[in-house]
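Listed here are the chains, written in short residue letters.
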Amino acid sequence: MKVITFGRGPVNDVVISDPKVSSNFHMKIIVSDDGKIKVVDGNSLNGTYVNGKRIPGEMFISKGDFIRIGDTMVPWENYITPVGGGTGGGTTQLVQEEKNPLALAGFICSFFAYAAVVGLVLSAIGLSKANRSVSKKGRGFAIAGLAISIVTIVSLIIVGIVAAVSI
């Protein structure tokens, strides 16, 4: 059995930035060993909705069902995958969320003049990793890191040219 939790707080497997979503644990999706998928509400104030109806605690779901918590539609099918290929039958498993520390490191390095090139490289690698992942985790940091690194590098080049010309 595998479990993935959804909520606003960092303790969750999937963090959802929505003020109507409970912080500790709003809901979880459980994939049983035989591939059955169940959604469980964590006694949240605003509830968990499947196909527009509030669920009474828990219920089994299947491909094509829509889940909403707070004002957020949860792309739950992105977090599970069929085992053994094919579209029919078989079992399912959870897709593990991967962290993207390179995107964050690139973003931070981009602010420092002499580390801007490092920031550019790390951000590019982080963006590539984010674009290959299901969750796109770190994509925003990577794009910001690329932009800030480029601006920092161009600024350093301009300052160098101006300093060289004024000597």
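These notes cover the structure that comes with them.

### Some thoughts on the pattern of salt bridges
In the structure shown here, the tally under the stated rule is 3 salt bridges. Among the ionic pairs, K20 bridges to D71, the shortest N-O distance being 3.4 Å. One end of the pair, K20, is in the loop between β2 (14-15) and β3 (27-31); the other, D71, is in the loop between β8 (67-69) and β9 (72-74), and 51 residues separate them in sequence. Look at K20 and you get partly exposed, because its relative accessible area is 41%. Assessed through its relative accessible area of 56%, D71 is described here as exposed. Across the pair K36 and D34 runs a salt bridge whose closest N-O atoms are separated by 3.7 Å.

### Quick word on the sheet that holds β8
Here we have 4 strands laid out as an open sheet, ordered β6-β5-β8-β9, and antiparallel in their pairing. Every interior strand has two partners, whereas the edge strands, β6 (53-54) and β9, have only one. In the sheet, strand β5 (residues 48-50) pairs with β8 via 3 bridges, with the strands oriented antiparallel. Paired with V50 across the strands is I67, a residue of β8.

### Details of the side chain of H26
Mapping H26 onto the fold places it in the loop between β2 and β3. Polar contacts involving the side chain of H26 include one to the main-chain amide nitrogen of S22, which spans 3.0 Å. In contact with H26, other than residues within four places in its own chain, are F6, G7, K20, V21, V40, D41, G42, S44, G47, T48, I69 and G70.

Thresholds applied
- Residues numbered from 1 in each chain as written.
- Predicted model: local features only at pLDDT ≥ 70, side-chain atom pairs only at ≥ 80, totals over all residues.
- Heavy atoms only, no water.
- Salt bridge = Lys/Arg side-chain N within 4 Å of Asp/Glu carboxyl O.
- Helix = DSSP H or I, 4+ residues; strand = E, 2+ residues; numbered from the N terminus.
- Buried < 20%, exposed > 50% of the residue type's maximum accessible area, 1.4 Å probe, protein only.
- Pairing = 2+ DSSP bridges.
- Polar contact = N/O pair within 3.5 Å; in protein donor to acceptor, adjacent residues only side chain to side chain.
- Contact = heavy atoms within 4.5 Å.

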